Amino acid sequence: MIQEIGDLMDSHWKWLRDKTAIRSLDGGVVEITTPYLDRHNDMLQIYAHRDDHGVVLTDDGYTLQDLEISGCKLDSPKRQSLLRQTLAGFGVELHDNAIEIRTSTENFPLRKHSLIQAMLAVNDLFFLSLPIVSSLFLEDVQAWLDAEDIRYTPKVKLSGKSGFDHLFEFVIPKSKTQPERLLQAINRPSRDTAETLAFKWVDTKDVRPPNSQAYAILNDADHPVSTVVQDALLSYDIHPVLWSKRSEYRDPLAA
């Protein structure tokens, strides 16, 4: 078994060596194309150059630029904190939106590996981790409410007629012109999430002030929201608000 694993390790090193390509660029920069794939199935590329303190390995800003182009901006304090925590775990740093690490000749293989793993981890953090993405969408919704001067109380637990407590992410109090409004942000709208919100609303609305309303803010940034989901919400008197069309609902929510 040891010999078999040893042969497999040799095969892995051969694959890594054979599938890695390097070329010289202007300014003494070397481009390294690795066999590791990003979420577009493109080979990850990193760049090496010397400075007064040794060799610098960098992604030249590719990772964060790709996330931003895909609609995932890391411009809030919470997102920046998540980013820096992830990078720190691999011993890499952020300089002008480029993920970088310094290396010597002796530890080049380990440092190169750390940089590549950090690039993959940052991409996974913001696109593959559903709890974090959901949290970030909720943060986006809250930032929009703040920007539009829409007053609200966050994280309100309300008791339904069944005796169960239900958590609503935002409650906008009654005004002279509008009734109480309950808001729920749904990052991945589906039949299941619509039914879950419908149960919360049906169980709650009869014990709320008269004419209270419910809104579901639906994230359609990455995927279109099915009309089935929107129709299901409407059938329970829940207003579906597509994130891309949120400006159309500013006035009734801010009043």
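Calculation rules
Residues numbered from 1 in each chain as written. Predicted model: local features only at pLDDT ≥ 70, side-chain atom pairs only at ≥ 80, totals over all residues. Heavy atoms only, no water. Helix = DSSP H or I, 4+ residues; strand = E, 2+ residues; numbered from the N terminus. Rg over C-alpha atoms; globule rule 2.2 N^0.38 Å. Buried < 20%, exposed > 50% of the residue type's maximum accessible area, 1.4 Å probe, protein only. Contact = heavy atoms within 4.5 Å. Areas by Shrake-Rupley, 256 points an atom, 1.4 Å probe, with all protein chains shown as cover. Lys, Arg positive; Asp, Glu negative; His and termini not counted. Charge placed at Lys NZ, Arg CZ, Asp CG, Glu CD. Pairing = 2+ DSSP bridges. Axes fitted to C-alpha atoms, helices over the stretch in contact; angles between N-to-C directions. 1 Å grid on protein atoms, 1.4 Å probe; cavity = no way out; pocket = protein on both sides within 12 Å on 5 of 7 lines; lining within 4 Å. Points joined across faces, edges and corners; volume = space filled by probe spheres on them. Nonpolar A, V, L, I, M, F, W, Y, C, P; charged D, E, K, R; others polar. Expected span 1.5 Å × (residues − 1). Arc of directions from axis to C-beta. Parallel < 35°, antiparallel > 145°, perpendicular 65-115°, else oblique.

1. Digging into the overall build of the protein
Part 1 of the argument: Of regular secondary structure, the protein possesses 8 helices and 11 strands.
Part 2 of the argument: The C-alpha atoms of the protein give a radius of gyration of 25 Å, which is well past the 18 Å a tight globule of 255 residues would have.
Part 3 of the argument: The principal-axis extent of the C-alpha atoms belonging to the protein is close to 70 × 45 × 30 Å.
Part 4 of the argument: In the protein, which comprises 255 residues, the share counted as buried stands at 41%.
Part 5 of the argument: Considering only contacts within the protein whose residues lie at least 6 apart along the sequence, 54% involve residues at least 24 apart.
Part 6 of the argument: When the accessible area of the protein is evaluated, it comes to approximately 14,800 Å², of which 53% is carbon and sulfur surface.
Part 7 of the argument: Taking the average location of the 28 positive side-chain charges in the protein and that of its 38 negative ones, the two points are 6 Å from each other.

2. Looking at the sheet that holds strand 7 (residues 153-159)
Part 1 of the argument: Strand order in the open sheet formed by 5 strands is 7-8-9-10-11, with mixed pairing between adjacent strands. Only two strands of the sheet have a single neighbouring strand rather than two, namely strand 7 and strand 11 (238-242). Strand-to-strand twist of the sheet, defined as the mean angle between neighbouring strand axes without regard to direction, takes the value 40°.
Part 2 of the argument: Strand direction decides the pairing type here: strand 7 and strand 8 (residues 165-172), joined by 6 bridges, are antiparallel. Bridging from a neighbouring strand, Pro 154 pairs with Phe 170 of strand 8.
Part 3 of the argument: Across the sheet, helix 6 (residues 191-205) is in contact with strand 7, strand 8, strand 9 (181-186), strand 10 (213-218) and strand 11; its angle to strand 8 comes to roughly 90°.
Part 4 of the argument: Of the strands in this sheet, strand 10 and strand 11 are in contact with helix 7 (residues 227-235), which crosses strand 11 at around 150°.

3. Re empty space enclosed by the protein
Part 1 of the argument: For the coordinates displayed, the defined rule picks out 1 cavity of 30 Å³ or more.
Part 2 of the argument: There is about 80 Å³ of room inside the largest cavity.
Part 3 of the argument: Forming the boundary of the largest cavity are Asp 38, Arg 39, Leu 44, Tyr 62, Thr 63, Asp 66, Met 119, Leu 120 and Asn 123.
Part 4 of the argument: Going through the elements one at a time, helix 2 (62-69) and helix 4 (108-127) are the ones with two or more residues in the lining of the largest cavity.
Part 5 of the argument: Taken together, the residues of the lining of the largest cavity break down into 4 nonpolar, 2 polar and 3 charged.

4. So, the sheet that holds strand 5 (residues 93-95)
Part 1 of the argument: With antiparallel pairing, the 6 strands of this open sheet are ordered in space as 1-2-3-4-6-5. Among the strands making up the open sheet, the edge pair consists of strand 1 (21-24) and strand 5. In this sheet, neighbouring strand axes are inclined to one another by 35° on average, regardless of whether the strands run parallel or antiparallel.
Part 2 of the argument: Relative to strand 4 (residues 54-58), strand 3 (residues 43-51) is paired through 5 bridges, and the arrangement is antiparallel. The residue of strand 4 that forms the bridge with Ala 48 is Leu 57.

5. Quick look at helix 3 (residues 77-88)
Part 1 of the argument: For helix 3, spanning 12 residues, the distance from its first C-alpha to its last is 16 Å, which sits close to the expected 16 Å at 1.5 Å a residue.
Part 2 of the argument: What helix 3 keeps buried is the set Arg 79, Leu 82, Leu 83, Thr 86 and Leu 87. One side of helix 3 holds all its buried residues, which, seen down the axis, span an arc of 130°. Exposed positions of helix 3 whose direction lies more than 90 degrees from the buried face are Pro 77, Gln 85 and Ala 88.

6. So, the packing of helix 6 against helix 7
Pairs of packed helices are described in terms of their axes, by the angle between the two and the distance that separates them.
Part 1 of the argument: At a minimum axis distance of 9 Å, the contact between helix 6 and helix 7 shows a crossing angle of 10°. Taken as axis vectors, helix 6 and helix 7 run roughly parallel relative to one another. Each of Arg 191, Ala 194 and Leu 197 in helix 6 lies in contact with helix 7, whose residues at this interface are Val 228, Val 229 and Leu 233.
Part 2 of the argument: Residues of the contact of helix 6 with helix 7, tallied by class, amount to 5 nonpolar, no polar and 1 charged.

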